[in-house]
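Chains, contacts and geometry: an overview
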Amino acid sequence: MKKTTPWLWPEKRWRAIVNRVRAGKALRPKQWPGGARCAVALSFDSDHETNELREAGESIGRLSQGQYGSRQGVPRILKLLAQHGVKATFFVPAVTARLYPEEQKRVVAEGHEVGIHGWIHERNSVLPKKAERELQMRSADVLEKITRVRPVGIRTPSWDFSPNTLAITKEMGLLYDSSLMADVDCYELLMDGRPTGVVELPVEWIRDDAVYFNMNRFAALRPYTPPEGVFDIFRRELDAAHLEGGIFQVTMHPHVIGYRSRLWIVDALIRHAKSKGKVWFATHAEVARYALENAAS
Ligand SMILES: [Zn+2]
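To start, this report covers the structure provided alongside it. (Residues numbered from 1 in each chain as written. Predicted model: local features only at pLDDT ≥ 70, side-chain atom pairs only at ≥ 80, totals over all residues. Heavy atoms only, no water.)

1. Comments concerning unusual backbone geometry
The phi angle of most residues is negative, glycine excepted, and most peptide bonds adopt the trans form. Located in the positive-phi region is S158, a residue other than glycine, with phi close to 60 degrees. Here S158 is to be found in the loop between β5 (153–154) and α7 (165–171). A relative accessible area of 36% means that S158 is categorised as partly exposed. Positive phi is not limited to glycine here, since D192 has a value of about 50 degrees. (Helix = DSSP H or I, 4+ residues; strand = E, 2+ residues; numbered from the N terminus. Buried < 20%, exposed > 50% of the residue type's maximum accessible area, 1.4 Å probe, protein only.)

2. Observations regarding the environment of P128
You can see P128 is positioned in the loop between β4 (113–116) and α6 (129–147). Accessibility expressed as a relative area gives 52% for P128, which makes it exposed.

3. Some thoughts on the coordination of the zinc ion
Protein ligation of the zinc ion involves D47 (OD), D47 (OD), H117 (NE2) and H121 (NE2), the donor distances falling in the range 2.0 to 2.5 Å. When the donor residues of the zinc ion are listed from N- to C-terminus, their spacing reads D-x69-H-x3-H. On the accessibility criterion, H121 (3% relative accessible area) is buried. (Donors = N, O, S within 2.8 Å, 3.2 Å for Na, K, Ca; no water.)

4. Some thoughts on the pattern of salt bridges
Applying the stated criterion across every chain, the model contains 18 salt bridges. Between R138 and E134 there is a salt bridge, and its shortest N-O distance comes to 2.8 Å. With R138 and E134 both in helix α6 and 4 residues apart, the pair spans about one turn of that helix. With a relative accessible area of 33%, R138 lands in the partly exposed category. (Salt bridge = Lys/Arg side-chain N within 4 Å of Asp/Glu carboxyl O.)

5. Side note on the pairing of strand β9 (residues 247–252)
Taking burial as the measure, the 6 residues of β9 include 6 buried ones, the bulk of the element. Residues I247, Q249 and T251 point to one face of β9 and F248, V250 and M252 to the other, with burial holding for every one of them. The pairing of strand β2 (residues 38–45) with β9 spans 6 bridges and is parallel. Residue pairing for β9: A41 is matched across the bridge by Q249. (Pairing = 2+ DSSP bridges.)

6. As for helix α9 (residues 227–244)
Look at α9: 26 Å from first C-alpha to last across 18 residues, which is about the 26 Å you get at 1.5 Å a residue. Taken residue by residue, α9 has P227, V230, F231, F234, L238, D239, A241 and H242 as its buried positions. In an axial view of α9, the angular spread of the buried residues amounts to 165 degrees, which keeps them on one side of the axis. Relative to its buried face, α9 has exposed residues pointing more than 90 degrees away, namely R236 and L243. Those residues of α9 hidden inside the fold are in contact with β2, α8 (209–213), β9, α11 (264–276) and β10 (279–281). (Expected span 1.5 Å × (residues − 1). Arc of directions from axis to C-beta. Contact = heavy atoms within 4.5 Å.)

Set out below in structure tokens:
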């Protein structure tokens with residue numbers, strides 16, 4: 001741990017840290033396509049075995065949980081989305097894509113989006129710039145080679161940025177990032193105070209299934225929220241987004257949500273959104289592009 005004395009920092013220093021990456025111009029359209037009041041952006045992070053590999057783990061038990069994500073989770077999710085005729089976004093580490101190329105091809109063939117999610121779910125925030133840049137670019141190439149679609153968006157593994165991440169994302173010409181939390185609506189990312197043209201489609205841990213369901217076998221404390229409780233939180237987020245004319249964005253994981261006792265949450269959310277009416281189900285890329293091009297000034 002670095003020895004630091006932040007209370008002694010001059011203003012210039014703390015301002016520079018805060019300004020590295022910040023929320024800039026709000027990108028909130030007056031309305032969504034077709035006069036919709038609310039954009040619904042469902043996302044699934046297909047981490048699968050990289051959940052174990054990212055920490056250099058080799059536990060066969062935990063790897064099998066990761067395999068469930070591809071073997072059972074994704075097919076169940078795709079079936080549900082097809083039944084409802086709803087599109088979603090899957091953020092896929094390159095190693096997952098290499099382990100399961102057919103899965104990624106199917107996801108794209110069924111009309112969904114595949115976005116960048118690191119190489120092996122590495123902690124990008126501690127990587128040297130050269131390694132981070134090379135991995136981020138190589139990940140995009142791997143996804144493109146498998147799906148034949150060039151990804152336009154990134155969700156960084158574990159939702160953090162190094163001081164270099166945004167510069168790399170900008171250099172790659174990506175449309176959007178979906179890893180930060182400064183708003184409920186889309187916004188333009190600023191780098192050292194300057195606009196980058198990169199759209200942020202914000203996430204929040206509140207709207208992430210793993211937060212409520214993950215279990216650590218060897219920890220005494222096992223925070224656990226009943227599926228009904230998780231649905232209630234997500235539904236309230238959706239209801240308020242609908243009321244405000246905003247975005248309901250949610251992050252789920254095939255190896256977390258794709259179980260018999262939990263997948264109903266996704267089903268119930270989609271049904272609930274449809275019953276409210278005037279909702280636009282869209283991929284993250286579609287939401288980001290629309291927000292960018294139709295932001296109310
Ligand atoms: Zn992930």
